[in-house]
Amino acid sequence: MNRLFPLLLLAATLLLSAPAALAQEPQEPNIDEIVARQLENLTRTFKLDEVQEFFIDSILQYNYRAMNDAFMETKKTGASNAETYQAISDDWMQRTDEAFERIFTEDQWKKYLKSTYGKEKQRREKRMSERKPSASVKK
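A short tour of the structure in this document, coming up.

Cut-offs applied
Residues numbered from 1 in each chain as written. Predicted model: local features only at pLDDT ≥ 70, side-chain atom pairs only at ≥ 80, totals over all residues. Heavy atoms only, no water. Helix = DSSP H or I, 4+ residues; strand = E, 2+ residues; numbered from the N terminus. Expected span 1.5 Å × (residues − 1). Buried < 20%, exposed > 50% of the residue type's maximum accessible area, 1.4 Å probe, protein only. Contact = heavy atoms within 4.5 Å. Polar contact = N/O pair within 3.5 Å; in protein donor to acceptor, adjacent residues only side chain to side chain. Core = buried A, V, L, I, M, F, W, Y, C linked by side-chain atoms within 4.5 Å. Axes fitted to C-alpha atoms, helices over the stretch in contact; angles between N-to-C directions. Parallel < 35°, antiparallel > 145°, perpendicular 65-115°, else oblique. Left-handed = near helix turned anticlockwise from the far one by under 90°. Phe/Tyr/Trp six-rings, centres within 6.5 Å; stacked < 30°, edge-to-face > 60°.

This next bit is on helix 4 (residues 82-103). Spanning 22 residues, helix 4 covers 31 Å between terminal C-alpha atoms, matching the ideal 32 Å at 1.5 Å per step. Along helix 4, the positions that sit buried rather than exposed are Ile 88, Ser 89, Asp 90, Trp 92, Gln 94, Thr 96, Asp 97, Ala 99, Phe 100 and Ile 103. The elements touched by buried residues of helix 4 are helix 2 (31-46), helix 3 (50-76), helix 5 (106-114) and helix 6 (116-131). Among the residues of helix 4, the N-terminal cap falls to Asn 81, whose side-chain oxygen and the backbone nitrogen of Glu 83 are separated by 2.9 Å.

Here's what the structure looks like:
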């Protein structure tokens, strides 16, 4: 019994502390880490020079923070529709692509469009066009 007591105490402590750990709010993403990983991948894949790295880092920092702020504002309104969050993401990622196109060389942009980034860009553009109400032509 004496040997079992520490094990029972440990088990009881773990069981009592588990609900408190599970009830905590999920942590916000660490945007600095996300941007650093993204920048590293883009630099490696598209062989960015130092000036391009600087601009892309700035764009990612700004756009990811703005997108996260938009998510938080939407969350405050009580919106829980995944399409709403997808639309926000699509908008900010579209802005990011537009900025990248101005920074990349022609060859880098062609490679970007053929990569998984380009494939995601195509899917995003399709979603965005499907969300837009069809414009009626006035005569």
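Another aspect to go through is the nonpolar core. One finds Leu 42, Phe 46, Ile 56, Leu 60, Phe 100, Phe 104 and Tyr 112 to be the most contacted residues of the largest nonpolar core, which totals 21 residues. The set of elements that each furnish at least two residues to this core consists of helix 2, helix 3, helix 4 and helix 5. Looking at this core element by element, the count peaks at six residues for helix 3. Not counting residues up to four positions away in its chain, the partners in contact with Leu 42 are Lys 47, Leu 48, Ile 56, Leu 60, Phe 100, Tyr 112 and Tyr 117.

Tracing the backbone through its elements, the reader meets Thr 43 in helix 2. Looking at Thr 43, its side chain comes within polar contact range of the main-chain oxygen of Leu 39, at 2.8 Å. In this structure, Thr 43 is in contact with Leu 48 and Glu 53, ignoring residues within four places of it in sequence.

Attention now moves to unusual backbone geometry. For Lys 47, which is not a glycine, the phi torsion comes out positive at approximately 50 degrees. Among the structural elements, Lys 47 can be located in the loop between helix 2 and helix 3.

Taking 1.5 Å of rise per residue, the 27 residues of helix 3 would be expected to cover 39 Å, and the 39 Å separating its terminal C-alpha atoms lies within 8% of that figure. Taken together, the buried positions of helix 3 are occupied by Gln 52, Ile 56, Ile 59, Leu 60, Gln 61, Asn 63, Tyr 64, Ala 66, Met 67, Asn 68 and Thr 74. On the buried face of helix 3, the contacting elements are helix 2, helix 4 and helix 5. Taking the backbone nitrogen of Val 51 as reference, a side-chain oxygen 3.1 Å away marks Asp 49 as the first, capping residue of helix 3.

To continue, consider the packing of helix 4 against helix 6. Taken N-terminus to C-terminus, the directions of helix 4 and helix 6 make an angle of 125 degrees; their axes are 10 Å apart at the nearest point. As the angle between them shows, helix 4 and helix 6 are arranged oblique. In the packing of helix 4 onto helix 6, the handedness of the crossing is left-handed. Residues Gln 86, Ala 87, Asp 90, Asp 91, Met 93, Gln 94 and Asp 97 of helix 4 form the contact with helix 6, whose participating residues are Lys 121, Arg 124, Glu 125, Arg 127, Met 128 and Arg 131.

Geometrically, a pair of aromatic rings is defined through the distance of the ring centres and the angle of the planes. Under the counting rule described, the total for this entry stands at twelve aromatic pairs. Where Phe 104 meets Tyr 112, the ring centres are 5.5 Å apart and the plane angle is 70 degrees; that geometry is what we call edge-to-face. In terms of burial, Phe 104 and Tyr 112 fall into one category: buried. Judged by centre distance (4.9 Å) and plane angle (15 degrees), the rings of Trp 109 and Tyr 112 are stacked. Taken together, the residues span about one helical turn, with Trp 109 and Tyr 112 both in helix 5 at a distance of three residues. Look at Trp 109 and you get buried, because its relative accessible area is 11%. Judged by relative accessible area, Tyr 112 falls into the buried class, the value being 3%. Every member of this aromatic cluster is reached through a ring pair, and the members are Phe 46, Phe 100, Phe 104, Trp 109, Tyr 112 and Tyr 117.

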